[in-house]
Structures are given as C-alpha cells and as structure tokens.
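Commentary on secondary and tertiary structure
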Amino acid sequence: MKKIYYLSTCDTCKRILKELQPLDGFVLQDIKTDAITDTQVTEMHNLSGSYESLFSKRARLYKEKGLADKELQEADYKDLILEHYTFLKRPVIIVDNAIFIGNSKKVVAAAKEKIHN
C-alpha cells in the first residue's frame, strides 16, 4: 500500500508533499474533505503500534478541551482521532508495511528514502 493522509489547507503538508515528489502510485487522502475511517485508523495503529503515536498534542482542540490535564488511554486517542481530523498527526505516510508519522525532518527524510529506493 502507498498512501498519504494529509491536510490540503496545511502549508507544512503541502511543502512535504512537494519535497516527496514524484509520488507515483500513491493515494492521497485529504482528511478534511475525506474523513478517516475506523478501519483506516486501526490499520495505522497496526503499523505504528499505538494510537498515541498518531495523535497530535499540538492540535488547538487539545488545549481547548483541556485534554492535557486528563489521563488519556489508547481508546481515547483513537476516539479523538475519529472525532476530529485535527487530532491526527500529519502527514501520515504509508509505504508498503512502513509508516511515517508527522513532519519532523528525520521522519520526512526517512519517508523520502523509502519512497525513492
């Protein structure tokens, strides 16, 4: 499988997609217009090992809902990701059985390496 979950309104996602070109054979899913499903989140979890690793603690809603003060469990992370797209750490890049989560230079470089080799 070759898939990228991203947000089309996010400048960082746009920059990373441009950097990763060419993306032959990839399915791009804008999570704002095409919501992620329970099956897709479970698939990401199976590759990453945890829902927390997929969760963005930088989302504005994280602070607004006071989630930093709560002890969240794996099921909570999953439910929140499904509840609102901003809770998914972006982009999520899946290449075969490898998953790359987030926008750190190291993660993007590793994804680029995997995509083009």
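Now for a look at the structure at hand. Quick caveat, the model's predicted, so the values are computed rather than measured.

What follows concerns the overall build of the protein. From N to C terminus, the protein includes five helices and four strands. Reading the secondary structure of the protein in the N-to-C direction produces β-α-β-α-α-α-β-β-α. Its C-alpha atoms give the protein a radius of gyration of 14 Å, within 12% of the compact-globule value 13 Å for 117 residues. Principal-axis analysis of the C-alpha atoms gives the protein an extent of 40 × 30 × 25 Å. For the protein, with 117 residues in total, the buried portion stands at 41%. Taking as baseline every contact in the protein between residues at least 6 positions apart, the subset at least 24 positions apart corresponds to 60%. By element, 48% of the accessible surface of the protein is carried by carbon and sulfur atoms, the whole surface being about 6800 Å². If the 19 positive side-chain charges of the protein are averaged to one point and the 17 negative ones to another, these points end up 7 Å apart.

Its volume calculated, the largest pocket comes out at about 320 Å³. Around the largest pocket, the lining comprises 15 residues; the ones closest to its centre are C10, S56, R58, R90 and N103. Looking at side-chain class alone, the lining of the largest pocket contains five nonpolar, six polar and four charged residues.

Calculation rules
Residues numbered from 1 in each chain as written. Predicted model: local features only at pLDDT ≥ 70, side-chain atom pairs only at ≥ 80, totals over all residues. Heavy atoms only, no water. Helix = DSSP H or I, 4+ residues; strand = E, 2+ residues; numbered from the N terminus. Rg over C-alpha atoms; globule rule 2.2 N^0.38 Å. Buried < 20%, exposed > 50% of the residue type's maximum accessible area, 1.4 Å probe, protein only. Contact = heavy atoms within 4.5 Å. Areas by Shrake-Rupley, 256 points an atom, 1.4 Å probe, with all protein chains shown as cover. Lys, Arg positive; Asp, Glu negative; His and termini not counted. Charge placed at Lys NZ, Arg CZ, Asp CG, Glu CD. 1 Å grid on protein atoms, 1.4 Å probe; cavity = no way out; pocket = protein on both sides within 12 Å on 5 of 7 lines; lining within 4 Å. Points joined across faces, edges and corners; volume = space filled by probe spheres on them. Nonpolar A, V, L, I, M, F, W, Y, C, P; charged D, E, K, R; others polar.

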